[in-house]
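# Survey of secondary and tertiary structure
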Amino acid sequence: NMAEGAETFSLREVLVAFTACVSEQREVRVDPYLAGWKGLVRFLNCLGTIFSFISKDAVTKIEIIENYRNSDQREKYLTVQSMVEYELANGLVDLQKRSDSGCRTLLRLHRALHWLQMFLEGLRTGKDNSKTSVICSETYNASLANYHPWIIRKAAGVAFCALPTRNTFLETMNVGTAEEAVAMLGDALPYICEVYKITEELYAQHKLLDLP
Ligand code: 1PZ
């Protein structure tokens, strides 16, 4: 139920979780990163069951990293920096084939964060009558789609058609009027960009951007 789900929280708190990600030493804290993703998943679920295949994949990845945070090695997974250092030093990152390392799992969320950044920016700067589905497919094609096989791109394209108009979408965020939602996006986006940038630099430095 869209109205019910939307009533219980506002996208503001979700995006604010990303403001808590970056530490004073410019490290990315894993717990608020996952909290931000959990909120995004809740929001996505409010948009309809057609998005379930997307939210399920995100949940699986959130849970993999959460399990590391609940394991004996939990302090190693406190920040993205400590995770990378620990997994690389202990040979836990498979460079040849798919694995469930924290590094490869977080990379999937990291790539999706790049799409999110572009999508929210497109929404923020879009015209009143622009179509959310167009903003979504254009930003998806320019980013995440490059990592997805044809069948996923096709399914994503079908799901995007179910997105409401820009104004309805902005109101679904539960931040107030469409204008207030646009202002909130302007405030929150720099923090998401910062989280993305720090992670991107870290992964590039360790040559982890192509992990299978
Ligand atoms: C507002 C509209 C939402 C549109 C969401 C746009 C993203 C479409 C992503 C489609 C992904 C579909 C399912 C799974 C794909 C996986 O194969 C990949 C790679 O993982 P691997 O197979 O290597 O383990 N998974 C991803 O790329 C992660 C996708 C997470 C997407 C989270 C979206 C959150 C949306 C928040 C909306 C405000």
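The present account deals with the structure reproduced in this document.

Analysis parameters
- Residues numbered from 1 in each chain as written.
- Predicted model: local features only at pLDDT ≥ 70, side-chain atom pairs only at ≥ 80, totals over all residues.
- Heavy atoms only, no water.
- Near = heavy atom within 4 Å.
- Polar contact = N/O pair within 3.5 Å; in protein donor to acceptor, adjacent residues only side chain to side chain.
- Areas by Shrake-Rupley, 256 points an atom, 1.4 Å probe, with all protein chains shown as cover.
- Helix = DSSP H or I, 4+ residues; strand = E, 2+ residues; numbered from the N terminus.
- Nonpolar A, V, L, I, M, F, W, Y, C, P; charged D, E, K, R; others polar.
- Axes fitted to C-alpha atoms, helices over the stretch in contact; angles between N-to-C directions.
- Parallel < 35°, antiparallel > 145°, perpendicular 65-115°, else oblique.
- Left-handed = near helix turned anticlockwise from the far one by under 90°.
- Contact = heavy atoms within 4.5 Å.
- Salt bridge = Lys/Arg side-chain N within 4 Å of Asp/Glu carboxyl O.
- Buried < 20%, exposed > 50% of the residue type's maximum accessible area, 1.4 Å probe, protein only.

## Observations regarding the site of the ligand
Taken together, the neighbourhood of the ligand is formed by 22 residues, with Asp57, Lys61, Arg98, Arg104 and His148 sitting nearest. Within the contact set of the ligand, an oxygen atom lies 2.9 Å away from a side-chain nitrogen or oxygen of Lys61. A distance of 3.1 Å is found between an oxygen atom of the ligand and a side-chain nitrogen or oxygen belonging to Arg108. Protein chains bury 92% of the 840 Å² of accessible surface belonging to the ligand in isolation. Sorting elements by how many residues they give to the shell around the ligand places helix α6 (residues 102-125) first, with 5 residues. Within the shell around the ligand, the residues separate by chemical class into 16 nonpolar, 1 polar and 5 charged.

## Examining the packing of helix α3 (residues 30-46) against α6
Close contact between α3 and α6 brings their axes to 12 Å; oriented N to C, the two are set at 60°. One way to sum up the angle between α3 and α6 is to call them oblique. Between α3 and α6 lies a crossing whose hand is left-handed. Note on element contacts: α6 touches α3 through Leu106, Leu109, His110, Ala112, Leu113 and Leu116, opposite Tyr33, Trp37 and Leu40. Among the residues making up the contact of α3 with α6, the classes are represented as 8 nonpolar, 1 polar and no charged.

## Details of the pattern of salt bridges
According to the stated counting rule, one finds 7 salt bridges in the structure shown. Linking Asp94 and Lys97 is a salt bridge whose minimum nitrogen-to-oxygen distance equals 2.9 Å. Accessibility expressed as a relative area gives 55% for Lys97, which makes it exposed.

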